[in-house]
Amino acid sequence: MLVTIGTGLWWFGAQRDNAPALALGAPLPAFTLKPIEGLAGSGFDAGALQGQVTLLNAFASWCVPCRAEHPLLVELAAGEGVVLAGMNVTDLPENATDFLAELGNPYALAGADTDKSVANRLGMVGLPHSFVIDPQGRLLLSHPGPISRKFVDEQLPRLLARAGVP
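Residues numbered from 1 in each chain as written. Predicted model: local features only at pLDDT ≥ 70, side-chain atom pairs only at ≥ 80, totals over all residues. Heavy atoms only, no water.

Visitor: Help me understand the overall build of the chain in this model?
Guide: Of the regular secondary structure elements, the chain holds five helices and seven strands. Mapped in sequence order, the helices and strands of the chain form the string α-β-β-β-α-β-α-β-α-β-β-α. Taken over 166 residues, the chain has a buried fraction of 48%. A sequence separation of at least 24 residues applies to 76% of the contacts in the chain between residues at least 6 apart. For the chain, the exposed surface amounts to about 7800 Å²; the carbon and sulfur share of it is 58%. (Helix = DSSP H or I, 4+ residues; strand = E, 2+ residues; numbered from the N terminus. Buried < 20%, exposed > 50% of the residue type's maximum accessible area, 1.4 Å probe, protein only. Contact = heavy atoms within 4.5 Å. Areas by Shrake-Rupley, 256 points an atom, 1.4 Å probe, with all protein chains shown as cover.)

Here it is in structure tokens:
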């Protein structure tokens, strides 16, 4: 498992374009995620994230921590207050669709970042990585690594309250 995580972080960082991390409160840069072949209705752009609080979650089927956090994402999707959007990074489309079919698809929106161009623009250095975005499209939180029960129970509700979501 450490080899998988280490390889993923090395590979991710080795091809990074040294983009700075997105600052809290900054607007999300414009981007378009391609459809994930085989996943109906997939593909979206940054504009689709405006108007509600969104958790943009970067994942890949080969990412062990992505699999570990996935039940919490499914739980969040069943609740209210936050919309989930998935960004599948550097993955084969059939692997991404199999991953979501096996574990459940919590994403109201999903798209593919096959070349890591969006991940790089957001300043990501590894997977998983989640971004909480306010209704105006500004970054409330950049969370590298898997989300946890503490994140779901404590940190996210504080962010939602700050964004004016009851």
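Visitor: Quick question: what am I supposed to make of the packing of aromatic side chains here?
Guide: For the coordinates displayed, the defined rule picks out three aromatic pairs. Between Phe 59 and Phe 99, the ring centres sit 5.6 Å apart and the planes meet at 20°, which makes this aromatic pair stacked. On the criterion of sequence distance, the pair formed by Phe 59 in strand β3 (residues 54-59) and Phe 99 in helix α3 (residues 93-103) is long-range, its members being 40 residues apart. In this pair, the class of Phe 59 matches that of Phe 99, namely buried. Measuring from centroid to centroid gives 5.2 Å for Phe 59 and Tyr 107, while their planes differ by 20°, and the two rings are stacked. Linking Phe 59 in strand β3 with Tyr 107 in the loop between α3 and β5 (109-113), this pair joins segments that are 48 residues apart in sequence. Relative accessible area serves as the criterion here: at 1%, Phe 59 is assigned to the buried category. Judged by its relative accessible area of 7%, Tyr 107 falls in the buried class. Members of the aromatic cluster, joined through ring pairs, are Phe 59, Phe 99 and Tyr 107. (Phe/Tyr/Trp six-rings, centres within 6.5 Å; stacked < 30°, edge-to-face > 60°.)

Visitor: Please clarify how the pattern of salt bridges should be interpreted in this entry.
Guide: Note that side chains of opposite charge can pair when their charged atoms are close. Scanning the model with the defined rule gives four salt bridges in all. For Glu 102, the salt bridge identified is with Arg 67, shortest N-O distance 3.0 Å. One end of the pair, Glu 102, is in helix α3; the other, Arg 67, is in helix α2 (residues 64-78), with 35 residues separating them in the sequence. The exposure class assigned to Arg 67 is partly exposed, which follows from its relative accessible area of 34%. Residue Arg 149 pairs with Glu 75 through a salt bridge whose shortest N-O separation is 2.6 Å. One end of the pair, Arg 149, is in helix α5 (residues 149-162); the other, Glu 75, is in helix α2, with 74 residues separating them in the sequence. The network of salt bridges with common partners includes Glu 75, Arg 149 and Asp 153. (Salt bridge = Lys/Arg side-chain N within 4 Å of Asp/Glu carboxyl O.)

Visitor: It is not clear to me how the packing of α2 against α3 should be interpreted in this structure. Could you clarify?
Guide: The angle between the axes and the distance between the axes are what describe a pair of packed helices. α3 packs onto α2 with a crossing angle of 55° between their chain directions and a minimal axis gap of 11 Å. When the interaxial angle is binned, α2 and α3 end up oblique. Judged by the twist between their axes, the crossing of α2 over α3 is right-handed. Taking contact as the criterion, the partners of Cys 66, Arg 67, His 70 and Val 74 in α2 are, on α3, Phe 99, Leu 100, Glu 102 and Leu 103. (Axes fitted to C-alpha atoms, helices over the stretch in contact; angles between N-to-C directions. Parallel < 35°, antiparallel > 145°, perpendicular 65-115°, else oblique. Left-handed = near helix turned anticlockwise from the far one by under 90°.)

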